[in-house]
Each structure stands twice: as C-alpha cells, then as structure tokens.
Amino acid sequence: MTDNPAPESSPRNTIIAFFIVVAAIVGGAVLLLNNRPAVVEIIINTPQPTPTRTPSPTPGPITVYVTGAVNQPDQLLTLPPGSRVQDAIDAAGGLASGADVERVNLADRLHDGDQVHVFSIGQDVSLATPSAGLQVYINTATAEELDALPGVGPALAAAIIAYRDANGGFTTLEQLDEVEGVGPALLEDWQGLIVFD
C-alpha cells in the first residue's frame, strides 16, 4: 500500500490566510487606537506675587555727650545702636564718687545726640544744654513713650507699634497716616515732636 502525497496548498488558500492575518492586524490597531486613554490637560497656576516689605534702614552708631559725676566727664562717645545710659557711663570710666545714682535712669535707651548728665549728690544745677522739649523716637518708642504724644492713648500706641513691627520703621511723618486712627490733624500736632532714628 503506497502513501498518498500531501495535497499541495493552493495559492487561493495562501491568499485567504494572508488577508485574514492583515485583517486581524488592522482590527487590532483600530481597537487599540479607539481604546487609548484620553489626553490629560495639566494647568499650572502661577502664584500671585507676595508684597515685599521695604527694608528698614540699618541703624548706625550713635554719639552721645557724657557730663557730670563720671570718671572721664565732658566727652563725646560713639556707641553701638541700642545702647543705654549704663553703657555711656561705663564708656566714660564709670560713676565718680559722690554720683547721685538715684537721679539717673541707667536703663534709658540712648539716641544719637543725647546728653547724659550724672548729678553729684546734693547738686541742683541745670544742664548746659537743656532739653528742647518733647521728642519721641517713633521707631523705638515704647507704648508709654508714644502715649506722651498729643492724641495718643493705649489703643493708638498699640496700633503704631503693631504697624511698625509688621512693616518696619517709619521714615516720614506722612507714613504714620497709614496707621489706623491717625489722620491729618494728629500729624499736624506731632510736627516737630517725632524723631525718625
């Protein structure tokens, strides 16, 4: 018994198989394109700029005149900003014997151009350069010192200090008008009484 040879593939079957494969590839591509995820839009919101505080001027050294019952009197002394009366007395060699410490506020903060005079016990002499009157150093004044200004009470003093802490020191009288409760009338009353140090 002889084996029959395998029938040869007809060219027609090959063409049909080719078209089936091509149809499968095209169908898969269409299916893939139709099911791809949607494009995601990314929106970047730029933040609003925050206001920048104007820098307050850097305080420089101060010069004070020390007279009276100190070991080295009648001197102009240059001290760092924020110095107190005690610092000026120390720089002038300390208190002399007989100095009336009760009449000196050693903790008082100094400002450029101040005179520190230490009286001797029993001395009752006026200063050679008397005070020119009320002067308030607006950028370092305490609530009590601000209260000495006309029209200022505890609430307005607190508002001035809060504004100063939030925005830096004042540089002009007009800038004080930005404080809640201050107006043109008060600014006129304060003319010549406020020092910007």
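Quantities reported herein were computed from a predicted structural model and do not represent experimental measurements. (Residues numbered from 1 in each chain as written. Predicted model: local features only at pLDDT ≥ 70, side-chain atom pairs only at ≥ 80, totals over all residues. Heavy atoms only, no water.)

## Here we look at the pairing of strand E3 (residues 115-118)
For step 1, the next point in the chain: Here E3 shows a clear split, with Val 116 and Val 118 buried on one side and none of Gln 115 and His 117 buried on the other.
For step 2, the next point in the chain: Across 4 bridges, the pairing between strand E1 (residues 62-68) and E3 is parallel. Pairing of Tyr 65 across the sheet is with Gln 115, part of E3. (Buried < 20%, exposed > 50% of the residue type's maximum accessible area, 1.4 Å probe, protein only. Helix = DSSP H or I, 4+ residues; strand = E, 2+ residues; numbered from the N terminus. Pairing = 2+ DSSP bridges.)

## Examining the side chain of Arg 164
For step 1, the next point in the chain: For Arg 164, the position within the fold is in helix H4 (residues 154-167).
For step 2, the next point in the chain: In this structure, Arg 164 is buried with no salt-bridge partner, the nearest side chain bearing the opposite charge being Asp 165 at 4.4 Å.
For step 3, the next point in the chain: Beyond its immediate sequence surroundings of up to four residues, Arg 164 is in contact with Ile 138, Asn 139, Thr 140, Ala 141, Gly 169 and Phe 170. (Lys, Arg positive; Asp, Glu negative; His and termini not counted. Salt bridge = Lys/Arg side-chain N within 4 Å of Asp/Glu carboxyl O. Contact = heavy atoms within 4.5 Å.)

## Quick notes on a negative patch on the surface
For step 1, the next point in the chain: Residues Asp 108, Glu 144, Glu 145 and Asp 147 make up a contiguous surface patch of negative charge.
For step 2, the next point in the chain: If you trace the backbone, Glu 144 turns up in helix H3 (residues 143-146).
For step 3, the next point in the chain: Under the relative-accessibility criterion, Glu 144 is labelled exposed at 63%. (Patch = residues over 30% accessible without salt bridge, like charges linked within 9 Å, V, L, I, M, F, W, Y side chains within 5 Å. Areas by Shrake-Rupley, 256 points an atom, 1.4 Å probe, with all protein chains shown as cover. Charge placed at Lys NZ, Arg CZ, Asp CG, Glu CD.)

## Regarding the confidence of the model for the protein
For step 1, the next point in the chain: Residues at a pLDDT of 70 or more form 82% of the protein, whose mean pLDDT is 80.
For step 2, the next point in the chain: Per-residue pLDDT, averaged within each element of the protein, yields its smallest value for helix H1 (residues 11-34) (78) and its largest for helix H2 (residues 85-91) (93).
For step 3, the next point in the chain: When the criterion is pLDDT under 50, residues 127-132 qualifies, and its contacts beyond four places in sequence or with other chains add up to 4 contacts. (pLDDT = per-residue confidence, 0-100.)

## Let's talk about a nonpolar patch on the surface
For step 1, the next point in the chain: A contiguous nonpolar surface patch, about 560 Å² in accessible area, is contributed by Ile 15, Phe 18, Phe 19, Val 22, Val 26 and Val 30.
For step 2, the next point in the chain: By the secondary structure assignment, Val 30 is in helix H1.
For step 3, the next point in the chain: In this structure Val 30 comes out as partly exposed when scored by relative accessible area, which is 44%.

## Brief notes about the sheet that holds E1
Hydrogen bonding along the main chain pairs the strands of a sheet, whether they run parallel or antiparallel.
For step 1, the next point in the chain: The 3 strands are arranged E2-E1-E3 in an open sheet whose pairing can be described as mixed. Both outer strands of the open sheet, strand E2 (75-79) and E3, are each paired with one neighbouring strand and no more. With strand direction ignored, the average angle separating the axes of adjacent strands in the sheet is 30°.
For step 2, the next point in the chain: Relative to E2, E1 runs antiparallel, the two being bridged by 5 bridges. Note on E2: the bridge partner recorded for Tyr 65 is Leu 76. (Axes fitted to C-alpha atoms, helices over the stretch in contact; angles between N-to-C directions.)

## Considering the nonpolar core
Burial of nonpolar side chains together is a common tendency in soluble globular proteins.
For step 1, the next point in the chain: Counting residues in hydrophobic clusters, the biggest one holds 21 residues, and the most contacted among them are Leu 146, Leu 149, Leu 156, Ile 160, Leu 176 and Trp 190.
For step 2, the next point in the chain: In terms of residues, this core owes the most to one element, H4, which gives 5 residues.
For step 3, the next point in the chain: Apart from residues no more than four positions distant in its own chain, Leu 149 is found in contact with Val 136, Trp 190, Leu 193 and Ile 194.
For step 4, the next point in the chain: Core analysis: the next-biggest nonpolar cluster, separate from the first, contains 16 residues, Ile 62, Val 66, Val 85 and Ala 88 among them. (Core = buried A, V, L, I, M, F, W, Y, C linked by side-chain atoms within 4.5 Å.)

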